[in-house]
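Close look at the chain arrangement
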Amino acid sequence: MKKLNAIEAANVIGGCKDAVCTSSYETVVVGGVSSCKQVTTCTDKHGTTVSMRDAANGMCVVPNSALIK
């Protein structure tokens with residue numbers, strides 16, 4: 001019988017996959033005030049978590065918005 005270290009055992013028993021994360025920049029309105037936020041969504045074996053942090057206002061602008069009238 002082979003001995004397993006904690007990391008190997010976690011992959012066998014119930015799985016312990018790394019989180020898969022995606023980030024996007026979104027304009028969020030709270031109390032009538034809008035601000036640009038970096039929204040990160042991560043999914044792992046326990047479910048999905050969403051976190052937000054402040055971002056520069058320029059990150060929420062569509063690059064071609066000047067061309068749209």
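Residues numbered from 1 in each chain as written. Predicted model: local features only at pLDDT ≥ 70, side-chain atom pairs only at ≥ 80, totals over all residues. Heavy atoms only, no water.

Here we look at the overall build of the protein chain
The condition that has to hold: In this description a helix means any DSSP run of H or I spanning at least four residues, a strand means any run of E spanning at least two, and both kinds are numbered starting from the N terminus. Three labels apply to residues, based on accessible area from a 1.4 Å probe with only protein chains included: buried if under 20% of the type maximum, exposed if over 50%, partly exposed otherwise in between.
When you go through the protein chain residue by residue, the secondary structure sums to one helix and three strands. Seen in sequence order, the protein chain has helices and strands lined up from the N terminus as α-β-β-β. The burial tally for the protein chain puts 12% of its 69 residues in the buried class.

Digging into the pattern of salt bridges
Which entries qualify depends on this criterion: Salt bridges are counted wherever a side-chain nitrogen of Lys or Arg sits within 4 Å of a carboxyl oxygen of Asp or Glu.
Taken as a whole and judged by the stated rule, the model has one salt bridge. K37 serves as the salt-bridge partner of D54, at 2.4 Å between the closest nitrogen and oxygen. Here D54, found in strand β3 (residues 47-54), pairs with K37, found in strand β2 (residues 33-44); they are 17 residues apart in sequence, far enough to count as distant. Taking relative accessible area as the criterion, D54 reaches 62% and is therefore assigned exposed.

A short note on the environment of A55
In this structure, A55 sits in the segment after β3. Given the relative accessible area of 21%, A55 is considered partly exposed. Separated by 19 residues in sequence, A55 and C36 place their C-alpha atoms 5.5 Å apart.

Re the side chain of K37
We apply this condition: Pairing of N or O atoms within 3.5 Å defines a polar contact, subject to two protein rules: one partner must be a possible hydrogen donor and the other a possible acceptor, and residues neighboring in sequence count only if both atoms are side-chain atoms. Any two residues whose heavy atoms approach within 4.5 Å are treated as being in contact.
Looking at K37, its side chain comes within polar contact range of the side chain of D54, at 2.4 Å. Look past the residues within four positions of K37 in its chain and what remains in contact with it is S24, Y25, E26, V28, M52, R53, D54, A55 and C60.

Observations regarding the side chain of Q38
Note on placement: Q38 falls in strand β2. There is a polar contact of 2.8 Å between the side chain of Q38 and the side chain of R53. Beyond its immediate sequence surroundings of up to four residues, Q38 is in contact with S23, S24, Y25, S51, M52, R53 and A55.

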